[in-house]
Amino acid sequence: MPAPKIGLALGSGVARGWAHIGVLRRLEKEGIKPDVVCGTSIGALVGGLYLAGELNRLEDWSRELGKGSMFRFLDLRLRGGGLISGKKLFKLIDESVGGISIESLPVPFAAITTELGTGHEIWLRKGPLTSAINASYALPGLFSPQNIDDRWLIDGALTNPVPVSVCRALGARLVIAVNLNADVFGMTDVGEENLDRTTAPDVNGGGLFTKSSPVNLLKHRFFDKSGTEPSIFGVMMSSLNIVQDRLSRSRLAGDPPDVTIAPRLAHRGLLEFDKADEMIKEGENAVERALPFLHHALNVLS
């Protein structure tokens, strides 16, 4: 029998998504290459850049991020559908994969998003890769929704955090799921220590505001903790943590993958983008732990 068609479902998890880089590196080392890649949120980002041949660039950039430096790319604004326009981050991604369409990628790829008006799960399988990635990680209330084909789209984590079902629909016989939230039950830390008044994003990229100005008061209210009480941003991210955990359990119970790769990242918050070295290494370790199951599944289906 021919080798089975392998699908790789890269799950959501914000900063924990750097572990996807380690997963892809270790699978490549083992000679396992996916025939289908589907990603949600950060999974769409890593998966899309991987297929576009830009994984090295993404890895180098992630390893260079210092504490709070990710927030230089977030441009706060006071109107629109999100507190962050995302233009800086969009430009950063576009510099790597601008002009690349999903149809031109070497294997089938889908970025998972959610339609704002209906709550429908949307699979983006054609068109500009950059637009699909940006729509997949558009956290509601934080990033502005993306308008694609006259539909307002937001983060796919709200409907399908680990897109196993999409891999199967695209013809994968063996589906490998990378679940970044497998061990986070009861863990609501989002890494708010990475936020402070010097790293929180400025409105429209400006930096000429006094500490007492309405702009900075809003910024500090949104990002700063008040004693033991979490910040508004922290509450939003912790809520996402809960949604991802609960929805992943439900979706994976109904459509389980053949092999699950589960990086142990519960001790790391959703905002700890400066921990790429550790998370990439844990992605590699997670593959190592799953290799016996993976090789057994390949043997059964080959």
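Higher on the page you've got the structure.
Below you will find a few notes about this structure.

The rules behind these values
- Residues numbered from 1 in each chain as written.
- Predicted model: local features only at pLDDT ≥ 70, side-chain atom pairs only at ≥ 80, totals over all residues.
- Heavy atoms only, no water.
- Helix = DSSP H or I, 4+ residues; strand = E, 2+ residues; numbered from the N terminus.
- Buried < 20%, exposed > 50% of the residue type's maximum accessible area, 1.4 Å probe, protein only.
- Contact = heavy atoms within 4.5 Å.
- Areas by Shrake-Rupley, 256 points an atom, 1.4 Å probe, with all protein chains shown as cover.
- Axes fitted to C-alpha atoms, helices over the stretch in contact; angles between N-to-C directions.
- Parallel < 35°, antiparallel > 145°, perpendicular 65-115°, else oblique.
- Left-handed = near helix turned anticlockwise from the far one by under 90°.
- Nonpolar A, V, L, I, M, F, W, Y, C, P; charged D, E, K, R; others polar.
- Pairing = 2+ DSSP bridges.
- Salt bridge = Lys/Arg side-chain N within 4 Å of Asp/Glu carboxyl O.
- Phe/Tyr/Trp six-rings, centres within 6.5 Å; stacked < 30°, edge-to-face > 60°.

### Let's talk about the overall build of the chain
Along the chain, the regular secondary structure elements total nine helices and 10 strands. For the chain, with 302 residues in total, the buried portion stands at 56%. Contacts in the chain between residues at least 24 apart in sequence constitute 78% of all its contacts with a sequence separation of at least 6. Carbon and sulfur atoms make up 54% of the accessible area of the chain, which totals about 13100 Å².

### Regarding the packing of helix H1 (residues 19-29) against helix H2 (residues 42-51)
Where H1 contacts H2, the two axes come as close as 10 Å, and the packing angle between them is 40 degrees. Judged by the inter-axis angle, H1 sits oblique to H2. Like other packed secondary-structure pairs, H1 and H2 cross with a definite hand, here right-handed. Residues His20, Ile21, Leu24 and Glu28 of H1 lie in contact with H2, whose contacting residues are Ile42, Gly43, Val46 and Tyr50. By residue class, the composition of the contact of H1 with H2 is five nonpolar, two polar and one charged.

### Focus on the pairing of strand S1 (residues 6-10)
With respect to burial, S1 is a largely interior element, five of its five residues being buried. Side chains of S1 alternate between two faces, with Ile6, Leu8 and Leu10 and Gly7 and Ala9 buried alike. As paired elements, S1 and strand S2 (residues 36-40) share four bridges and run parallel to each other. Opposite Ala9, over in S2, you have Cys38 as the bridge partner.

### Some details on the pattern of salt bridges
In this structure the tally under the stated criterion is 14 salt bridges. Two residues, Glu30 and Arg26, come together in a salt bridge whose shortest N-O distance is 2.9 Å. Judged by its relative accessible area of 29%, Glu30 is partly exposed. Exposure remark for Arg26: the relative accessible area of 13% places this residue in the buried category. The closest approach of N and O atoms between Asp274 and Lys275, which form a salt bridge, is 3.9 Å. Relative accessible area serves as the criterion here: at 26%, Lys275 is assigned to the partly exposed category. Connected through shared salt-bridge partners, Arg25, Glu59, Arg63 and Asp277 make up one network.

### Let's talk about the pairing of strand S8 (residues 151-155)
Note: strand S4 (residues 109-115) against S8, three bridges, orientation antiparallel. Bridge pairing in S8 links Thr113 to Asp155. Looking at chain direction, strand S7 (residues 146-148) and S8 are connected through three bridges and run antiparallel. When the sheet's bridge partners are listed, Ile148 is paired in S8 with Arg151. Between S7 and S8, which pair antiparallel one after the other, the connecting turn spans two residues, and Asp149 there sits at a positive phi close to 55 degrees.

### Here we look at the packing of aromatic side chains
For the structure shown, the criterion picks out three aromatic pairs. For the ring pair Trp18 and Trp61, a centre distance of 6.1 Å and an interplane angle of 80 degrees mean the geometry is edge-to-face. Of the two residues, Trp18 is situated in the loop between S1 and H1 and Trp61 in helix H3 (residues 55-64); the sequence distance between them amounts to 43 residues. In terms of burial, Trp18 and Trp61 fall into one category: buried. Taken together, a centroid distance of 5.4 Å and an interplanar angle of 65 degrees make the contact between Tyr137 and Phe143 edge-to-face. We classify Phe143 as buried; its relative accessible area is 10%. Members of the aromatic cluster, each reached through a chain of ring pairs, are Trp18, Trp61 and Phe273.

### Examining the environment of Ser248
Position of Ser248 relative to the elements: it lies in helix H8 (residues 232-254). On the basis of relative accessibility, which here comes to 3%, the residue Ser248 falls in the buried class. A sequence separation of 68 residues divides Ser248 from Leu180, and the C-alpha atoms of the two residues are 9.9 Å apart. Setting aside residues no more than four positions away along its own chain, Ser248 makes contact with Pro161, Val162, Asn179 and Val243.

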